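Chain by chain, the residues:
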Amino acid sequence: MNFYCLLIFLIIAIPSSIYDIKKFRIPLFLVLAGILFFILYYLIFFKFKFVYFLQQTLWGVIGTVIVLVLARILTGGGLGWGDVIFGVFCSLFIGFPLFCFIYLGFSSISGILFYVIFSFTRKKTKDNKVIIHHNFVIPYIPFMTAGTLITYFLLWINWLNF
């Protein structure tokens, strides 16, 4: 990936993260435009190796969709379809299937840490009992963005040398 792909990713991912934090939705048109951009990017710049890149990227996208749809089922719809679509966008940016699972891992770990930290906020009642909040909604797009950027950075510094 080059600087322009990173720039496009940031232009779409950061506003999508902010929008998800505020409204618990994604700007679908913006994310679909990003998906189209990366497909066209692969078509134009890798036309001679397009089949190879498409196969690799397609496996990453399919794996990501399977993992996120399973998460959606297991959470009873807690993970929205917008998160699944944004996952496709992130997978197209990262590309290789193994790295897609790495970014999903970073996303999950950061989301779980956030949930654990904020679910055990201490609020004392009149009789000094502590209330633990287990059920609250968190926007997942910011964590997917962070996981993707961590994975990209690790690839960039050649730390994930497979």
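Structure: above.
Keep in mind it's a predicted model, so treat the numbers as computed, not measured.

Looking now at the overall build of the protein. When its secondary structure is counted, the protein shows six helices and two strands. In sequence order, the secondary structure elements of the protein are arranged as α-α-α-α-α-β-β-α. Taking all 162 residues of the protein together, the buried fraction comes to 36%. Considering only intrachain contacts with a sequence separation of at least 6, the fraction spanning at least 24 residues in the protein is 70%. Of the roughly 10,200 Å² of accessible surface on the protein, 74% is carried by carbon and sulfur atoms.

Judged by nonpolar contacts, the single largest core of 32 residues is most densely connected at Phe-86, Phe-89 and Phe-93. For this core, the leading source of residues is helix H4 (residues 81-94), giving eight residues.

It is worth spelling out the packing of helix H1 (residues 3-23) against H4 at this point. The interhelical angle for the contact between H1 and H4, taken along N-to-C directions, is 160°, at an axis separation of 11 Å. For the element pair H1 / H4, the angle class is roughly antiparallel. Once H1 is placed against H4, the crossing between them reads as left-handed. Between H1 and H4, the residues in contact are Cys-5, Leu-6, Phe-9, Ile-12, Ala-13, Ser-16 and Asp-20 and Asp-83, Phe-86, Phe-89, Cys-90 and Phe-93, respectively. Split by residue class, the contact of H1 with H4 holds nine nonpolar, one polar and two charged.

Throughout the structure, instances matching the rule amount to 13 aromatic pairs. Seen in terms of ring centroids, Phe-38 and Phe-93 are 5.8 Å apart; in terms of plane orientation they differ by 50°. Their pairing is tilted. With Phe-38 in helix H2 (residues 28-45) and Phe-93 in helix H4, the pair connects residues that are 55 residues apart, well separated along the chain. The two residues Phe-38 and Phe-93 agree in class, both being buried. Aromatic pair Tyr-41 and Tyr-42: ring centres 5.9 Å apart, planes at 65°, arrangement edge-to-face. The pair formed by Tyr-41 and Tyr-42 is uniform in burial state, with each residue classed as buried. Each residue in the set Phe-9, Phe-37, Phe-38, Tyr-41, Tyr-42, Phe-86, Phe-89, Phe-93 and Tyr-152 is aromatic and connected to the rest through ring pairs, giving one cluster.

All right, on to the environment of Ser-107 then. Of note, Ser-107 is situated in helix H5 (residues 97-119). The spatial distance from the C-alpha of Ser-107 to the C-alpha of Phe-143 is 4.9 Å, given a sequence separation of 36 residues. The residues touching Ser-107, leaving out its near neighbours within four places in the chain, are Tyr-140, Phe-143, Met-144 and Gly-147. Polar contacts involving the side chain of Ser-107 include one to the main-chain carbonyl oxygen of Tyr-103, which spans 2.7 Å.

The next subject is helix H6 (residues 141-156). Turn by turn, an α-helix covers 3.6 residues, leaving residues three or four places apart pointing in a common direction. Compared with the 22 Å implied by 1.5 Å per residue over 16 residues, the 22 Å span of H6 between its first and last C-alpha is a close match. Residues of H6 that are buried: Ile-141, Pro-142, Phe-143, Met-144, Thr-145, Gly-147, Thr-148, Thr-151, Tyr-152 and Leu-154. Asn-158 sits one or two residues past H6 and shows a positive phi near 65°.

Calculation rules
Residues numbered from 1 in each chain as written. Predicted model: local features only at pLDDT ≥ 70, side-chain atom pairs only at ≥ 80, totals over all residues. Heavy atoms only, no water. Helix = DSSP H or I, 4+ residues; strand = E, 2+ residues; numbered from the N terminus. Buried < 20%, exposed > 50% of the residue type's maximum accessible area, 1.4 Å probe, protein only. Contact = heavy atoms within 4.5 Å. Areas by Shrake-Rupley, 256 points an atom, 1.4 Å probe, with all protein chains shown as cover. Core = buried A, V, L, I, M, F, W, Y, C linked by side-chain atoms within 4.5 Å. Axes fitted to C-alpha atoms, helices over the stretch in contact; angles between N-to-C directions. Parallel < 35°, antiparallel > 145°, perpendicular 65-115°, else oblique. Left-handed = near helix turned anticlockwise from the far one by under 90°. Nonpolar A, V, L, I, M, F, W, Y, C, P; charged D, E, K, R; others polar. Phe/Tyr/Trp six-rings, centres within 6.5 Å; stacked < 30°, edge-to-face > 60°. Polar contact = N/O pair within 3.5 Å; in protein donor to acceptor, adjacent residues only side chain to side chain. Expected span 1.5 Å × (residues − 1).

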